[in-house]
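The residues making up each chain are set out below.
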Amino acid sequence: DGGITQSPKYLFRKEGQNVTLSCEQNLNHDAMYWYRQDPGQGLRLIYYSQIVNDFQKGDIAEGYSVSREKKESFPLTVTSAQKNPTAFYLCASSTTGLSNQPQHFGDGTRLSIL
Amino acid sequence: AQTVTQSQPEMSVQEAETVTLSCTYDTSENNYYLFWYKQPPSRQMILVIRQEAYKQQNATENRFSVNFQKAAKSFSLKISDSQLGDTAMYFCAFMKGREETSGSRLTFGEGTQLTVNP
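Only a predicted model underlies this, so the values are computations on that prediction, with no experimental measurement involved. (Residues numbered from 1 in each chain as written. Chains lettered and ligands numbered in written order. Predicted model: local features only at pLDDT ≥ 70, side-chain atom pairs only at ≥ 80, totals over all residues. Heavy atoms only, no water.)

Trainee: How should the overall build of chain B be read in this particular structure?
Mentor: Each helix and strand in chain B was counted, giving 0 helices and 12 strands. Ordered by position from N to C terminus, the α and β elements of chain B give β-β-β-β-β-β-β-β-β-β-β-β. For 118 residues, the compact-globule estimate of 2.2 N^0.38 gives 13 Å, and chain B sits close to it at 14 Å. Structurally, chain B occupies a C-alpha span of about 45 × 30 × 25 Å along its principal axes. The buried share of chain B, taken over its 118 residues, is 47%. Across chain B, the fraction of contacts at a sequence separation of at least 24, relative to all contacts at a separation of at least 6, is 57%. (Helix = DSSP H or I, 4+ residues; strand = E, 2+ residues; numbered from the N terminus. Rg over C-alpha atoms; globule rule 2.2 N^0.38 Å. Buried < 20%, exposed > 50% of the residue type's maximum accessible area, 1.4 Å probe, protein only. Contact = heavy atoms within 4.5 Å.)

Here is the structure:
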């Protein structure tokens, strides 16, 4: 079955530590996205990528970094510069071009501070 | 920039009854799409229904339908014959109409927590 796999499901970060969240998709989608979800605030866009080796900042990119070396993979690194990283992180993917196809989402990663 | 507002943080409904969730948005775009996503306790995001702005006819998917009022920038979701499995957080989302090589960046509302009571 095609889909989006996020790992790990739960992740803990120590002070001053960088952590990387994995997102892999086998839907052959060109575009991939990272969202952060806090209670009562909905989803906010961190970074997105429309093609391999290219990505753009979303609304809350500070303290985060991404890479897009392969079409299937879009890992998110939460750096020590992100002072409030505790949240639920969702990865999504979609087609590009003249289509109204919506985004498909992974099951998310919950990040907490130790 | 686009904004999406859901003014009802929480709602409840009795099983088998009908409930309407509200959503308003602000945009200067003329070509766009609107979506309702459902997020049950499992936290998985599930697409419920979508509407193209250029279509005047309201979208319908089984028990789910929308009331799309383009001039008022309103996009409400009606759930008929509510079921216990409808209990979830519901998010309204906006997407600009795509250019040839662009993806589908979504702007989400804050969400409405719907509880269906037996």
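Trainee: Help me out: how do you make sense of the nonpolar core in this one?
Mentor: Note that soluble globular proteins tend to have their nonpolar side chains buried in a common cluster. The biggest cluster of nonpolar side chains holds 25 residues, and the ones touching the most others in it are B:Tyr25, B:Trp36, B:Phe75, B:Leu77 and B:Tyr90. Secondary-structure elements contributing two or more residues to this core are β3 (19-21), β5 (32-39), β6 (46-52), β8 (64-69), β9 (74-79), β10 (88-96) and β12 (112-117) of chain B. With 4 residues, the single largest contributor to this core is β10(B). Apart from the residues within four sequence positions on either side, B:Tyr25 is in contact with B:Thr3, B:Val4, B:Tyr32, B:Leu34, B:Phe68, B:Gln69, B:Lys70, B:Lys73, B:Ser74, B:Phe75 and B:Phe94. Judged by nonpolar contacts, the second largest core, of 20 residues, contains A:Leu21, A:Trp34, A:Cys91 and A:Leu111. (Core = buried A, V, L, I, M, F, W, Y, C linked by side-chain atoms within 4.5 Å.)

Trainee: Can you help me understand unusual backbone geometry in this one?
Mentor: For the bond running from A:Ser7 to A:Pro8, omega is -10 degrees, close enough to zero to count as cis. Mapped onto the fold, A:Pro8 is located in the loop between β1 (4-7) and β2 (10-13). For A:Asn53, which is not glycine, the phi dihedral falls at a positive 65 degrees. Inspection of the secondary structure puts A:Asn53 in the loop between β5 (43-51) and β6 (54-57). Judged by its relative accessible area of 61%, A:Asn53 is exposed. Even without being a glycine, B:Asp81 presents a positive backbone phi close to 50 degrees. Counting through the fold element by element, B:Asp81 comes out in the loop between β9 and β10.

Trainee: How should I be thinking about the pattern of salt bridges in this particular structure?
Mentor: As a working rule, side chains carrying opposite charge can pair if their charged atoms are close by. This structure, assessed with the given rule, holds 8 salt bridges over all chains. Between B:Lys55 and B:Glu52 there is a salt bridge; the shortest N-O distance is 3.9 Å. Judged by its relative accessible area of 10%, B:Glu52 is buried. It is possible to trace a salt-bridge network through shared partners that takes in A:Arg36, A:Asp38 and A:Arg44. (Salt bridge = Lys/Arg side-chain N within 4 Å of Asp/Glu carboxyl O.)

Trainee: When you look at the packing of aromatic side chains in this model, what are you seeing that I'm missing?
Mentor: Here the distance between the centres and the angle between the planes together describe a pair of aromatic rings. Inspection of the entire model under this criterion finds 16 aromatic pairs over all chains. Of the aromatic side chains, those joined through ring pairs into one cluster are A:Tyr33, A:Tyr35, A:Tyr48, A:Phe105, B:Phe35, B:Tyr37, B:Phe91 and B:Phe108. A cation over an aromatic ring shows up here: A:Arg68 above the ring of A:Phe74, its NZ or CZ 6.0 Å from the ring centre. In this structure, B:Arg43 is placed above the aromatic ring of A:Phe88, and the distance from its NZ or CZ to the ring centre is 4.1 Å. (Phe/Tyr/Trp six-rings, centres within 6.5 Å; stacked < 30°, edge-to-face > 60°. Lys NZ or Arg CZ within 6 Å of the ring centre and 35° of its normal.)

Note that all results are geometric; they support no functional claim without further evidence.
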